[in-house]
Amino acid sequence: MHCQECGTRQATLHFTKIVNGEKTEFHICESCAREKGEIVPGTSGGFSIHSLLSGLIDFDTASKVQSGASKAAQPLRCEECGMTYTQFSKAGRFGCSSCYEYFNERLNPLFKKVHGSTTHVGKIPKRGGSQIQVKRQLDDLKAELQKRIIEEEFEAAATLRDQIRELEKGLLE
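For the protein, an unreviewed UniProt entry supplies the name UVR domain-containing protein and the organism Paenibacillus antarcticus.

Enquirer: Sorry if this is basic, but what is going on with helix α6 (residues 130-150) here?
Expert: Three or four residues apart is the spacing at which side chains of an α-helix point the same way, because the helix has 3.6 residues per turn. Relative to the 30 Å expected for 21 residues at 1.5 Å per residue, α6 spans 30 Å between its end C-alpha atoms, a close match to the ideal helical length. For α6, every residue scored as buried is listed here: Leu 138, Leu 141 and Leu 145. Down the axis of α6, the buried side of the element spans an arc of 70°, and every buried residue falls inside it. Summarising the geometry of α6, the exposed residues directed more than 90 degrees from the buried face are Asp 139, Asp 140 and Ile 150.

Enquirer: Help me understand the UniProt feature "coiled-coil region" (unreviewed entry) in the protein, please; the structure alone is not making it clear to me.
Expert: UniProt records the feature "coiled-coil region" (unreviewed entry) at residues 135-170, using the numbering of this structure. Counted over residues 135-170, helix gives 92% and strand 0%. Its end C-alpha atoms are 11 Å apart.

Enquirer: Where do I start with the pattern of salt bridges in this structure?
Expert: As a working rule, side chains carrying opposite charge can pair if their charged atoms are close by. Enumeration according to the criterion identifies five salt bridges in this entry. Between Glu 168 and Lys 142 there is a salt bridge; the shortest N-O distance is 3.3 Å. Separated by 26 residues along the polypeptide, Glu 168 in helix α7 (residues 154-172) and Lys 142 in helix α6 bring together distant segments of the chain. For Glu 168, a relative accessible area of 31% puts it in the partly exposed group. A relative accessible area of 37% places Lys 142 in the partly exposed class. Taken together, the salt bridges that share partners define one network made up of Glu 144, Arg 148 and Glu 153.

Enquirer: What's the story with the packing of aromatic side chains in this structure? I'm lost.
Expert: What describes a pair of aromatic rings is the distance from one ring centre to the other and the angle between the planes of the rings. Within this structure, the stated rule accounts for six aromatic pairs. For the pair Tyr 85 and Phe 88, a centre-to-centre distance of 5.6 Å together with 55° between the ring planes defines the contact as tilted. Here Tyr 85 pairs with Phe 88, and both are found in helix α3 (residues 85-91), just three residues apart, close to one helical turn. Just as Tyr 85 is buried, Phe 88 falls in that class too.

The rules behind these values
- Residues numbered from 1 in each chain as written.
- Predicted model: local features only at pLDDT ≥ 70, side-chain atom pairs only at ≥ 80, totals over all residues.
- Heavy atoms only, no water.
- Helix = DSSP H or I, 4+ residues; strand = E, 2+ residues; numbered from the N terminus.
- Expected span 1.5 Å × (residues − 1).
- Buried < 20%, exposed > 50% of the residue type's maximum accessible area, 1.4 Å probe, protein only.
- Arc of directions from axis to C-beta.
- UniProt positions renumbered as here; feature names shortened; annotations may be inferred.
- Salt bridge = Lys/Arg side-chain N within 4 Å of Asp/Glu carboxyl O.
- Phe/Tyr/Trp six-rings, centres within 6.5 Å; stacked < 30°, edge-to-face > 60°.

In structure tokens form, the structure reads like this:
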């Protein structure tokens, strides 16, 4: 596909803009995108998900340094593979499965920033997902139980407690 602006070069950037509910698609080359100001500032050659995540990771580190909460002594390092948090932020991937444990303190705020939560709240598969659904139901019932206890609605709390026990008994079987 050729660039919609110049018509000569190959279109390498494809944009979809939605302004006031009106959707417009653009297929343009990198040169025309630069001229129109469509290239994301701070990136060389365009936008990538790696650049986005690296920016979030660096932002997290920079904000901790500014607040004085960083540990100046030793850089955070995985004891299994030796990767540092700085190396992870540049590479965008871990060296081994143990990195999740060693970097956990910094990952949870990052996941919360990117995904909005640190627990999965997406769809559950119909086959094989029954245990996950029961666990979610248990979590909901336990939250409701705490609410009833705080509001001193003890009869409703007792009913919820019994439902929780039945569900937990079903999980153990």
